[in-house]
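# Report on the structure
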Amino acid sequence: MALVTGGSGGIGQAIAGALAADGCRVAVGYGQDRESAEKAAAGIGGMAVQIDVTDVAAVEAAYAEVEKTLGSVAVLVNNAGVTADGLLLRMADDQWRRVLSTSLDGAFNVTRRALPTMVRARWGRIVNVGSVTALSGSAGQANYAAAKAGLVGFTRSVARELAARNVTCNLVMPGPIATAMTAALSEQRRAEFCAQVPLGRMGTPEEVAAVVAFLCSEAAAYVTGAIVPVDGGLGMGH
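Just so you know, these numbers come straight off a predicted model, no measurement behind them.

About the criteria used
- Residues numbered from 1 in each chain as written.
- Predicted model: local features only at pLDDT ≥ 70, side-chain atom pairs only at ≥ 80, totals over all residues.
- Heavy atoms only, no water.
- Core = buried A, V, L, I, M, F, W, Y, C linked by side-chain atoms within 4.5 Å.
- Buried < 20%, exposed > 50% of the residue type's maximum accessible area, 1.4 Å probe, protein only.
- Helix = DSSP H or I, 4+ residues; strand = E, 2+ residues; numbered from the N terminus.
- Contact = heavy atoms within 4.5 Å.
- Pairing = 2+ DSSP bridges.
- Axes fitted to C-alpha atoms, helices over the stretch in contact; angles between N-to-C directions.
- Parallel < 35°, antiparallel > 145°, perpendicular 65-115°, else oblique.
- Left-handed = near helix turned anticlockwise from the far one by under 90°.
- Nonpolar A, V, L, I, M, F, W, Y, C, P; charged D, E, K, R; others polar.

Let's shift gears to the nonpolar core. Core analysis: the biggest nonpolar cluster contains 32 residues, and Leu-3, Ala-27, Tyr-63, Leu-76, Val-110 and Ile-126 have the highest contact counts within it. With six residues, the top contributor of residues to this core is helix H6 (residues 142-162). Sequence-distant contacts of Leu-76, that is, excluding residues within four places in its chain, are made with Leu-3, Tyr-63, Val-110, Thr-111, Ala-114, Met-118, Arg-125, Ile-126 and Val-127.

Next up on the list: the sheet that holds strand E3 (residues 47-50). Working definition: the strands of a sheet are paired by backbone hydrogen bonds and lie parallel or antiparallel to each other. Within the open sheet, the seven strands sit side by side as E3-E2-E1-E4-E5-E6-E7. Their pairing is parallel. Unpaired on one side and paired on the other, E3 and strand E7 (227-230) mark the two borders of the sheet. Taking each pair of neighbouring strands and ignoring which way they run, the sheet shows an average axis angle of 20°. Inspection of the sheet shows strand E6 (residues 167-174) paired to E7 by four bridges, in the parallel sense. The residue bridging Pro-174 from the neighbouring strand is Val-230, located in E7. In this fold helix H1 (residues 10-21) packs onto strand E1 (2-4), strand E2 (26-30), strand E4 (75-78) and strand E5 (124-129), with an angle of close to 170° to the strand it touches most, E1. The strands touched by helix H4 (residues 93-121) are E1, E4, E5 and E6; relative to E4, the strand with the most contacts, the crossing angle is about 175°.

Close contact between helix H3 (residues 56-69) and H4 brings their axes to 9 Å; oriented N to C, the two are set at 40°. Here H3 is positioned oblique relative to H4, judged by the angle of their axes. Of the two elements, H3 crosses H4, and the hand of that crossing is right-handed. Touching Val-56, Val-59, Glu-60, Tyr-63 and Glu-67 of H3 are Asn-109, Val-110, Arg-112, Arg-113, Ala-114 and Thr-117, all from H4. Class assignment for the residues of the contact of H3 with H4 results in five nonpolar, two polar and four charged.

What follows is the structure in structure tokens.
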């Protein structure tokens with residue numbers, strides 16, 4: 001079965017749906033938005049589970065609930081993340097810590113808990129969801145870019161450690177994606193984003209989900225430690 005953290009948002013819901021379409025039983029992890037997570041889970045015959053990825057005890061409790069209901073986690077997608085934008089000169093300690101704690105520490109906490117079962121089974125799929133900003137940087141997002149850049153080293157280290165156990169770990173790097181977050185931007189700002197992308201548009205959550213689902217499948221058994229962009233060409237050259 002599969003666990004998707006950050007599953008209540010647009011990309012997370014699309015990933016959960018794609019994995020369910022491939023035959024996985026899916027636990028839709030959420031932090032605060034219970035209603036969206038439960039709706040997403042109901043639509044795919046899965047379950048919603050609250051999981052504060054920054055809290056080791058909360059991660060343990062969520063895993064216990066998932067394992068009792070759906071069984072052992074064989075596929076893990078670390079999609080949980082937050083933003084707290086601001087220029088570095090005025091960035092508060094909490095803005096920095098909250099973003100790093102969710103995106104980077106959270107991936108560590110959730111992945112570490114998943115490993116014993118995967119190692120015993122000699123099979124597992126881990127996909128971390130990063131961002132093109134990890135390599136390009138983004139003004140006003142030093143915290144977010146740093147957290148997502150940290151996932152590069154984390155992903156490749158996990159991939160090397162677990163390859164002998166037939167557990168793969170890969171990183172998907174989305175560019176600008178049409179979600180509720182980007183819909184809240186002004187039309188001018190969205191146009192500016194699209195102008196930077198060679199394909200001239202934002203991606204869709206489903207396009208990200210399709211790549212994640214492939215990396216979680218048996219067809220991707222020979223792919224590990226990879227950084228896969230889903231960014232319309234924005235990150236070419238990195």
